[in-house]
Amino acid sequence: MSNLIVLGSQWGDEGKGKIVDLFSEKFDVVARYQGGHNAGHTVLVGNRKFVLKLIPSGVLHPGVRVVIGNGVVIDPQALLDAITMLDQAGIDVRGNIAISNRAHVIFPFHRMVEKVSEGRADRTAIGTTSRGIGPCYEDKIGRRGIRMADLLNPAVFDTLYNFLAEDKATTAKAFGIENDLHIEEIRKDYMRMAERIRPLVCDTARLLNDAIRDGKRVMFEGAQGTMLDIDHGTYPFVTSSSAAAGGACTGTGVAPTRIDGILGVSKAYITRVGSGPFPSEDLGEEGERIRKAGNEFGSVTGRPRRCGWFDVPLLRYTAMVNGFDSLIVTKLDVLDGLKTIKVCTNYKAHGAVLDTMPPENALMEKIEPVYEELPGWPTPTSGLTSYEELPKEARDYIAYLEEKTGVEIGCVSTGPERNQTIVRKGSRMEKLIG
Ligand code: IMP
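What you see is a predicted model, and the numbers here were worked out from it, not measured in a lab.

Scoring rules and cut-offs
- Residues numbered from 1 in each chain as written.
- Predicted model: local features only at pLDDT ≥ 70, side-chain atom pairs only at ≥ 80, totals over all residues.
- Heavy atoms only, no water.
- Helix = DSSP H or I, 4+ residues; strand = E, 2+ residues; numbered from the N terminus.
- Rg over C-alpha atoms; globule rule 2.2 N^0.38 Å.
- Buried < 20%, exposed > 50% of the residue type's maximum accessible area, 1.4 Å probe, protein only.
- Contact = heavy atoms within 4.5 Å.
- Areas by Shrake-Rupley, 256 points an atom, 1.4 Å probe, with all protein chains shown as cover.
- Polar contact = N/O pair within 3.5 Å; in protein donor to acceptor, adjacent residues only side chain to side chain.
- Domains from an automatic or database assignment.
- Buried area = accessible area lost by both parts, 1.4 Å probe.
- Salt bridge = Lys/Arg side-chain N within 4 Å of Asp/Glu carboxyl O.
- Near = heavy atom within 4 Å.
- Nonpolar A, V, L, I, M, F, W, Y, C, P; charged D, E, K, R; others polar.
- Phe/Tyr/Trp six-rings, centres within 6.5 Å; stacked < 30°, edge-to-face > 60°.
- Expected span 1.5 Å × (residues − 1).
- Arc of directions from axis to C-beta.
- Pairing = 2+ DSSP bridges.

Scanning the protein from terminus to terminus reveals 14 helices and 20 strands. In terms of overall dimensions, the protein is globule-like: its C-alpha atoms have a radius of gyration of 22 Å, near the 22 Å expected for 434 residues. For the protein, the spread of C-alpha atoms along the three principal axes comes to 65 × 50 × 40 Å. In the protein, which comprises 434 residues, the share counted as buried stands at 55%. Within the protein, contacts between residues at least 6 apart in sequence are counted, and of these 76% link residues at least 24 apart. With the model as given, the accessible surface of the protein reaches about 17900 Å², and the carbon-plus-sulfur share is 51%.

This brings us to the environment of valine 29. Looking at where valine 29 falls in the secondary structure, it is placed in strand E2 (residues 29-32). A residue is classified by how much of its surface remains accessible, and valine 29, at 4% relative accessible area, is buried. A sequence separation of 183 residues divides valine 29 from isoleucine 212, and the C-alpha atoms of the two residues are 9.5 Å apart. Apart from the residues within four sequence positions on either side, valine 29 is in contact with Val64, Arg65, Val67, Leu208, Ala211, Arg217, Val218 and Met219.

This paragraph deals with the side chain of threonine 318. Looking at where threonine 318 falls in the secondary structure, it is placed in helix H11 (residues 312-322). Threonine 318 sits in the buried class, given a relative accessible area of 0%. A distance of 3.1 Å separates a polar side-chain atom of threonine 318 from the backbone oxygen of serine 9. Apart from the residues lying within four places of it in its own chain, the contact partners of threonine 318 are Ser9, Thr226, Met227 and Phe324.

Once the domains are mapped, the protein shows domain 1 (4-102 + 201-261), domain 2 (104-197) and domain 3 (265-433). Averaged C-alpha coordinates put domain 1 and domain 3 at centres separated by 23 Å. Taken together, the contacts link 43 residues of domain 1 with 43 residues of domain 3. Across the domain 1/domain 3 interface, buried area totals approximately 3400 Å², and carbon plus sulfur atoms make up 60% of it. For domain 1, the biggest contributors to the area lost against domain 3 are Gln10, Trp11 and Lys18; these three give 21% of the whole. Applying the counting rule to domain 1 against domain 3 returns 2 salt bridges. Here aspartate 13 and arginine 305 are joined by a salt bridge, their closest N and O atoms 3.2 Å apart.

Taken together, 16 residues surround the ligand, and among them Asp13, Asn38, Thr129, Thr239 and Arg303 come closest. Aspartate 13 has a polar side-chain atom sitting 3.0 Å from a nitrogen atom of the ligand. Take arginine 303: an N or O atom from its side chain is 2.9 Å from an oxygen atom of the ligand. In the complex, the protein chains occlude 96% of the 470 Å² of accessible area that the ligand would expose alone. Tallied by class, residues from the shell around the ligand come to 6 nonpolar, 8 polar and 2 charged.

Quick look at the packing of aromatic side chains now. A complete count under the given rule lists 8 aromatic pairs for this structure. Both rings, one in phenylalanine 107 and one in phenylalanine 109, keep their centres 5.3 Å apart while their planes meet at 15 degrees; by these two values the pair is stacked. Between the aromatic rings of tryptophan 377 and tyrosine 397, the centroid separation amounts to 5.8 Å while the plane-to-plane angle is 50 degrees, which identifies the pairing as tilted. You can see tryptophan 377 sitting in the loop between strand E18 (368-375) and helix H13 (392-405) and its partner tyrosine 397 sitting in helix H13, a full 20 residues away along the chain.

With that settled, the discussion passes to helix H6 (residues 154-174). Look at H6: 30 Å from first C-alpha to last across 21 residues, which is about the 30 Å you get at 1.5 Å a residue. Inspection of H6 places Phe157, Tyr161, Leu164, Ala165, Lys168 and Ala172 among the buried residues, and these make up the whole buried set. Along the axis of H6, the buried positions cluster into a sector of 105 degrees, meaning they face one direction only. Seen from the open side of H6, the exposed residues pointing more than 90 degrees away from its buried face are Ala155, Thr159, Glu166, Thr170, Lys173 and Ala174. One or two residues past the end of H6 sits glycine 176, with phi positive at roughly 65 degrees.

This brings us to the pairing of strand E1 (residues 4-8). Taken across its 5 residues, E1 has 5 buried, putting it largely inside the fold. Here E1 pairs with strand E11 (residues 261-267) via 5 bridges, running parallel. What sits directly across from valine 6, in E11, is leucine 263. Sheet topology note: the E1/strand E10 (residues 218-221) ladder contains 3 bridges and is parallel. Bridge pairing in E10 places valine 6 opposite glutamate 221.

Structural data, given as structure tokens:
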């Protein structure tokens, strides 16, 4: 019985939502371990499209228990809105969801703090999603945050809330911001929302460990991608949580010894939203073509995504920090119709090949990508459901990426629908998924 982590190997938006949704039917529990409602996991079921920002993508399968782990930060309003949206679509969330009593709570003043830090003239903006995610994690690490368990205990909440609200009022004053936050109204709103959320909150570390002990299968769903991880990503142009595989353990309270496999998700090309270095970005016509063909616009903010070519050194790096057992390559069909396909095979800076991912932003910005060009394929891959049906050039492309990255590509996605997915026979992926 294998418990698996499924996570993004690039800068997010790799198509994890569809993959987690698809594999969920083989699992009893799907748990999110980090991030908040900055994530946008799009899942297409028939002609219905769901954009899940906070609730794990497994929710679309009846009978699958979904868990929001302690590593996630929760905006109660966003949570209740998501539950209402799913309720209206006839999906039973309340009966299936469990929320960690140790998860931290996002408040409206976190968005205010984010506006301040993003707007500072002396600092390059990160290009965040403006959901208050970073400032909430700052309070968590600063040991002044408010957790779900605190929100549900009025006496504890009052003391912590007074302190936190005052702390933010001081920030507003220091930056000369008109403080239009209605602290008392927010307090009452949160108390009201707490009562609606109360029945869903529990010790999810216990729940997950009990489930594993009882032989149930758990999938850990990452949000964002490894290159946005607070430690391993392109700091400071990252999100504020541990998106890499290690985050699955700290973000849920399940030990590494209970995890049996780690699957990476990568696009057949690469995208990024927000600021920061992006070595294989294509600012020309081909990048624009990928954006259009792949509908590369943020599912949370609607921002156009920056597009580029598959980046081998980046994938090798994320495979190393995550220990991928196998890789899922999504959106292969977006490359249909291209005469040639570029792949970034090496990084050069100041004329020399780099053999590690540079930690310095300035050096990352200086990278000259070394490309190889591969032939495109003459017939479309869109919607194909067997590996043998793929045109030879598409199979060669996959084989090339496997050889260069050193990671098995066990699954290929050729469209947004559940059935437009190929799990390769005899692959390690097939064995792990079961
Ligand atoms: P934050 O997570 O809102 O603090 O944003 C930090 C960085 O992460 C920005 O560059 C965002 O565009 C990026 N980011 C956050 N969530 C996602 C996501 O789900 N997909 C892609 N990028 C994201």
